[in-house]
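The residues making up each chain are set out below.
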Amino acid sequence: MILIVDDDSVVRSSLCFLLKHAGYEPEAVSGPKEALAVVRRAAPQLILMDMNFTLTTSGEEGIQLLKQVKALAPGVPVILITAWGSISLAVQGMRAGAFDFVAKPWNNLALLSSIRTALELSRQGREEAFPLNRSEANSKFHFDKIIGKSAALMDILGTVSRIAPTNASVLITGESGTGKELIAEAIHANSPRAREPFVKVNLGGLSQSLFESEMFGHRKGAFTDAYTDRAGRFEMAGKGTLFLDEIGDLALSCQVKLLRALQDHTYEVLGDSRPRRADARIVSATNCDLRRMVAGRAFREDLFYRINLITIHLPPLRQRREDIPLLARYFAARQSEANGLPRPAFTPAALAYLEGLPYPGNIRELKNLIERTLLVSGKSLLDAPDLAAQSEQAAGKADASSFSGLTLDELEKQSILQAIGTYQGNLSHVASALGISRAALYRRLEKYNINL
Ligand SMILES: Nc1ncnc2c1ncn2[C@@H]1O[C@H](COP(=O)(O)OP(=O)(O)OP(=O)(O)O)[C@@H](O)[C@H]1O
Ligand SMILES: [Mg+2]
């Protein structure tokens, strides 16, 4: 049974109608006292609660009721219904443990979707959550590209496998290079939306003036430079997943526009006022501390709750060191496979060396280190000094956290040019210094357009 609490009889009957039609069993009451009586009798599956009772306009009564319900039946999800413009009340309610909020006049689809998600997650909450083991992770889910077996990672994969099938918005946090994007892709791949598009947008690289056109699209002639129609990211994502990367970098003026779209599940294409459905599931990522930003008013609290029904935090690599050898072997194998070379091995000293590094750049840093070492050393058995040479080189450039900014191709070209300089164009010497055959060297000279 779903309990509806609202002092307006018109709202009660239209909500009852909507819920019955969607196959739920609604029961409606007009005020806090009646609501508490119902909750005491038998906990409902979910409560839809209006926040603006007539007694006080401040919403005090609503917050009070929410707290009482949370005390009596902590597991029951509560969705708040607030008037537009009383978002601060909704935010207070979220802090007091509400599951979600919708603004009046509500959008039926958005409301039903929130209800469905709440019920699904609360059902999962009641079932015992068995930790996932690595072989299950491979066989039951699409986690084969996610390497590691540390307890921290298995916890994360367990969470991903439980929340992937829902529509819940997910915020992925963690330092740079911890695998946030990989996890976002895994959420999509393990969801019923897997066959729909996965669309990524880097909000950090998006200027304020381009935000709307990029996200919502525009019609030809909507503004001076709009020469043709353009599809926005929401449209491209369709019923798939929209991955909002670097969401902590979004300017406040854009945050409010994004909030509108997420709140009502609708948006408008620039130059066309017909509202469109925003059906995509929202997964966001950031390496900022959004809570701190909310406290400092740099990030809207209402948007924070909207994108953050579920939070997944990826711990830095230095806190899951047991994954380092697995990751190192994986990256080495992939790189050599791509070059048609046999799978390299590591000496025990090499693995010990790798396990001891600080990795401010996390998994990306480890991956770069392995790839660079293979490329430069050309060996198929990597020892500690081979790795140390490359990691010290990186450290010597600036501070340890800086990445040269070069792609592997650029690095490769640079190494070749350096060797040509050193051996004054003697290609046999160049090839043997680079650890490749003369034929391989010729192919690369051609590839990089190096003329001698
Ligand atoms: N568990 C893992 N197994 C295999 N590869 C991984 C794993 N985690 C991360 N990677 C790889 O490490 C690199 C960095 O990961 P990713 O881009 O997902 O990090 P990120 O957290 O999004 O970083 P940033 O904040 O800098 O955008 C990628 O090449 C990714 O494929
Ligand atoms: Mg990323």
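As shown above, the structure is provided for reference.
Residue numbering note: each chain is counted from 1, following its sequence as written. Think of it this way: whatever chain is written first is A, whatever ligand is written first is 1, and the rest follow in order. In view of the model being predicted, local features appear only for residues whose pLDDT reaches at least 70, and side-chain atom pairs are presented and counted only at 80 or more, with totals across whole chains, interfaces and linings using the full set of residues.

Trainee: In this structure, what is going on with the packing of helix 18 (residues 408–422) against helix 19 (residues 427–434)? I would like to understand it.
Mentor: For any two helices packed against each other, one specifies the crossing angle of their axes together with the interaxial distance. Across the interface, helix 18 lies against helix 19 with an axial gap of 9 Å and an inter-helix angle of 135°. Considering the angle they form, helix 18 stands oblique to helix 19. You can see that helix 18 and helix 19 cross each other, and the crossing is right-handed. Taken together, the residues of helix 19 that come into contact with helix 18 (itself represented by S415, I416, A419 and I420) are V430, A433 and L434. When residues are sorted by character, Ala, Val, Leu, Ile, Met, Phe, Trp, Tyr, Cys and Pro go into the nonpolar class, Asp, Glu, Lys and Arg into the charged class, and all the rest, Gly among them, into the polar class. Of the residues assigned to the contact of helix 18 with helix 19, the class counts are six nonpolar, one polar and no charged. Lines are fitted to the C-alpha atoms to define the axes, a helix being fitted only along its stretch in contact, and any angle between axes, read from their N-to-C directions, falls within 0 to 180 degrees. Elements are defined by DSSP. Helices are runs of H or I of four residues or more, strands are runs of E of two residues or more, and each kind is numbered from the N terminus. Any angle from 65 to 115 degrees is called roughly perpendicular, while one under 35 is roughly parallel, one over 145 is roughly antiparallel, and all others are oblique. Each crossing is labelled by how the near helix is turned from the far one, with a counterclockwise turn of less than a right angle marking it left-handed and a clockwise turn marking it right-handed. Here, residues touch in the contact sense if the C-beta positions derived from the backbone fall within 7 Å of one another.

Trainee: In this structure, what is going on with the packing of helix 16 (residues 362–377) against helix 18? I would like to understand it.
Mentor: Where helix 16 contacts helix 18, the axes come no closer than 11 Å and their chain directions differ by 25°. In terms of their interaxial angle, helix 16 and helix 18 are classed as roughly parallel. The handedness of the crossing between helix 16 and helix 18 is right-handed. On helix 18, the residues that touch E371, R372, L375 and V376 of helix 16 are L408, L411, E412 and S415. Each residue belonging to the contact of helix 16 with helix 18 can be placed in one class, and the counts come to four nonpolar, one polar and three charged.

Trainee: Any chance you could explain the nonpolar core here in plain terms?
Mentor: Nonpolar side chains tend to gather and get buried jointly when the protein is soluble and globular. Core analysis: the largest hydrophobic core is formed by 82 residues, its most contacted members being M49 and I79. Tallying contributions element by element places helix 7 (residues 151–163) first for this core, with five residues. Domain delimitation follows an automatic or database domain assignment. Each of domain 1 (2–126) and domain 2 (134–315) gives at least three residues to this core. The contacts of M49, once residues within four sequence positions are left out, are V5, G62, L65, L66, V78, L80 and I81. Core analysis: the next-biggest nonpolar cluster, separate from the first, contains 15 residues, A332, L366, I370 and L374 among them. Defined on buried residues, the nonpolar core groups Ala, Val, Leu, Ile, Met, Phe, Trp, Tyr and Cys residues joined through C-beta atoms within 7 Å. Any residue surrounded by 20 or more other C-beta atoms within 10 Å of its C-beta is treated as buried, while 12 or fewer makes it exposed and the intermediate range makes it partly exposed; C-beta atoms here are placed from the backbone.

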